[in-house]
Structure formats: C-alpha cells, structure tokens
Amino acid sequence: MKAVLASHNKKKMAEMQAILSQLGVEVLSQADVGVDLEPEETGTTFEENARIKARAVMQATGLPAIADDSGLVVDALNGEPGVYSARYGGPDLDDTGRWQLLLKNMEGQTNRACKFVSVICCAFPDGSEVMARGECPGVVAQGPSGAGGFGYDPVFYLPEWGKTMAQLTPEEKNGISHRGRALRRFQEEWEKTRNGTDQ
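So, how was this worked out
Residues numbered from 1 in each chain as written. Predicted model: local features only at pLDDT ≥ 70, side-chain atom pairs only at ≥ 80, totals over all residues. Heavy atoms only, no water. Helix = DSSP H or I, 4+ residues; strand = E, 2+ residues; numbered from the N terminus. Rg over C-alpha atoms; globule rule 2.2 N^0.38 Å. Buried < 20%, exposed > 50% of the residue type's maximum accessible area, 1.4 Å probe, protein only. Core = buried A, V, L, I, M, F, W, Y, C linked by side-chain atoms within 4.5 Å. Contact = heavy atoms within 4.5 Å. 1 Å grid on protein atoms, 1.4 Å probe; cavity = no way out; pocket = protein on both sides within 12 Å on 5 of 7 lines; lining within 4 Å. Points joined across faces, edges and corners; volume = space filled by probe spheres on them. Nonpolar A, V, L, I, M, F, W, Y, C, P; charged D, E, K, R; others polar. Phe/Tyr/Trp six-rings, centres within 6.5 Å; stacked < 30°, edge-to-face > 60°.

1. Let's talk about the overall build of the protein chain
Scanning the protein chain from terminus to terminus reveals 5 helices and 7 strands. From first element to last, N terminus to C terminus, the protein chain shows the α and β order β-α-β-α-β-α-β-β-β-β-α-α. Scaling as 2.2 N^0.38, a compact globule of 199 residues should have a C-alpha radius of gyration of about 16 Å, and the protein chain matches this with 17 Å. The principal-axis extent of the C-alpha atoms belonging to the protein chain is close to 55 × 35 × 25 Å. For the protein chain, the proportion of its 199 residues judged to be buried stands at 46%.

2. Details of the nonpolar core
Leu72, Val74, Leu102, Tyr152 and Phe156 are the most contacted members of the largest nonpolar core, which totals 19 residues. Of all the elements in the fold, those that place two or more residues in this core are β3 (65-74), α3 (95-105), β4 (113-123), β5 (129-140) and β6 (156-158). For this core, the element with the highest residue contribution is α3, accounting for 3 residues. Discounting residues that sit within four places of it in the chain, phenylalanine 156 has contacts with Leu72, Cys114, Lys115, Phe116, Cys136, Pro137, Gly138, Val139, Lys163, Thr164 and Met165. Within the second largest apolar cluster, 18 residues are counted, among which are Leu20, Val27, Cys122 and Leu183.

3. Let's talk about the layout of surface pockets
In this model, the largest pocket occupies a volume close to 660 Å³. Every residue lining the largest pocket is counted, 29 residues in all, and those nearest its centre are Asn9, Lys12, Ser70, Ala86 and Phe150. Breaking the lining of the largest pocket down by element, the ones donating at least two residues are β3, α3 and α5 (178-198). Broken down by element, the lining of the largest pocket gets its largest block of residues, 4 residues, from β3. For the lining of the largest pocket, a count of residues per class yields 8 nonpolar, 9 polar and 12 charged. The calculated volume of the second largest pocket comes to roughly 180 Å³. Every residue lining the second largest pocket is counted, 13 residues in all, and those nearest its centre are Glu15, Gly149, Pro170, Lys173 and Asn174. In terms of residue count, helix α1 (residues 10-20) provides more of the lining of the second largest pocket than any other element does, 4 residues in total.

4. Digging into the environment of threonine 42
Residue position: threonine 42 is located in the loop between β2 (26-28) and α2 (46-61). When its relative accessible area of 55% is taken as the criterion, threonine 42 is described as exposed. Between the C-alpha atoms of threonine 42 and proline 91, which are 49 residues apart in sequence, the distance is 16 Å. Setting aside residues up to four positions removed in sequence, threonine 42 forms contacts with Asn49 and Ile52.

5. Focus on the environment of alanine 166
Summarising the element assignment, alanine 166 is placed in the loop between β7 (163-164) and α4 (170-176). The class for alanine 166 is buried, based on a relative accessible area of 4%. Along the primary structure alanine 166 and aspartate 95 are separated by 71 residues, whereas in three dimensions their C-alpha atoms are 13 Å apart. With residues near it in sequence (within four places) discarded, alanine 166 still touches Ser145, Gly146, Ala147, Gly148, Asp153 and Pro154.

6. Regarding the packing of aromatic side chains
Tallying each qualifying case throughout the model produces 1 aromatic pair. Seen in terms of ring centroids, phenylalanine 116 and phenylalanine 156 are 4.2 Å apart; in terms of plane orientation they differ by 25 degrees. Their pairing is stacked. Note that phenylalanine 116 is positioned in strand β4 and phenylalanine 156 in strand β6, a separation of 40 residues in sequence. Among the residues examined, phenylalanine 116 registers a relative accessible area of 5% and is labelled buried.

Below you can see the structure in the form of structure tokens.
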C-alpha cells in the first residue's frame, strides 16, 4: 500500500518510513505527490489533530494519508505542552528553545513525571480511517543529554535505560518510543479494518 505522510518533518518521515516499511506500507512525502499542505491544527486532543491532518492530505491527493500528532505531556505542568508541543513558546523558538523553556518552567519541581504521546491516523479515500495511540513514560531530565532524535528527546529521561531518548540508537528508540508503539497498534488496527473491508 502507498500512503502519503501528512508532515514536512524529515526526521519524523525517516522514523515513520523505517517502521512502516516493515508493515508493507510505502510512505510517500507530500513533495513526492506534488502537494504542499500545512493543515491548521485546531483540535484540542492528539486524536482530533491527527484526523484533521490525515483527512486534509487524503482529500488533496486521493491517496490514503497518514498523520501523526504527538507531544510531551508533563504532570507538573497540568499536561503542558501537550498538543502545543511543536508550538510551545511561540513561533520564534526552535527545538532547543522549546526544551530550554520546558526546563525553565520545571525549575523547583520535584514531580518530573511525563510521557510522550503519539496518535496516528490513516484516512482512506473510501471514508474509513484507522487510528492508534501510543505512550512512552519518562521523566523530565535536569539537563539535556544526547544528540540523536529531535524535539524534546534530549530532556526526556528513561529511568530503565539510564539514558535520554536522544542517547538511544534509532533502532532502540523505534522499539520503545510512543511513535513506535502507536505504529505497532496501528498495524493491528489497520489489518483488522482492511481485512474486514475486503471480506
């Protein structure tokens, strides 16, 4: 199956390709199909935003479209940055600026529990969809470590690994990450839905 990824994030594209290729899905970029969309994320949940992006790209291309909406949920910050993780602190901040702001807002906090959340939605031209959610628990580190990954990975500490997400190899990360878990659930749901449709 060919599907278009509703994202311009090259690192996210690489992660999705690495995992979805194992499921027999050929992931195309928007550029591959001559589309350049940036749907406005007006939802208040990861599920709503993933659906908005997947449907917009599916309608524009006529192909199945896969969207991922993900973010960091921090207990001590009442769930922030949540669905606003990629826009935390405003449009002038890059990834480094956002995790620096997070660390500043966490100063003095003893409860540093957090989780990465990923919701993946695939919208099909026949109107059906498949959605799956994955979560990865961790704690907000005191400072950054590691050069891998992207986003908040350098300050997302995994106690059982003794490392941040940014210190894992891509294979290790895909094995435990919120996106990896969501994609594996997505595979299960996709197979059930598509098999049911074919019968």
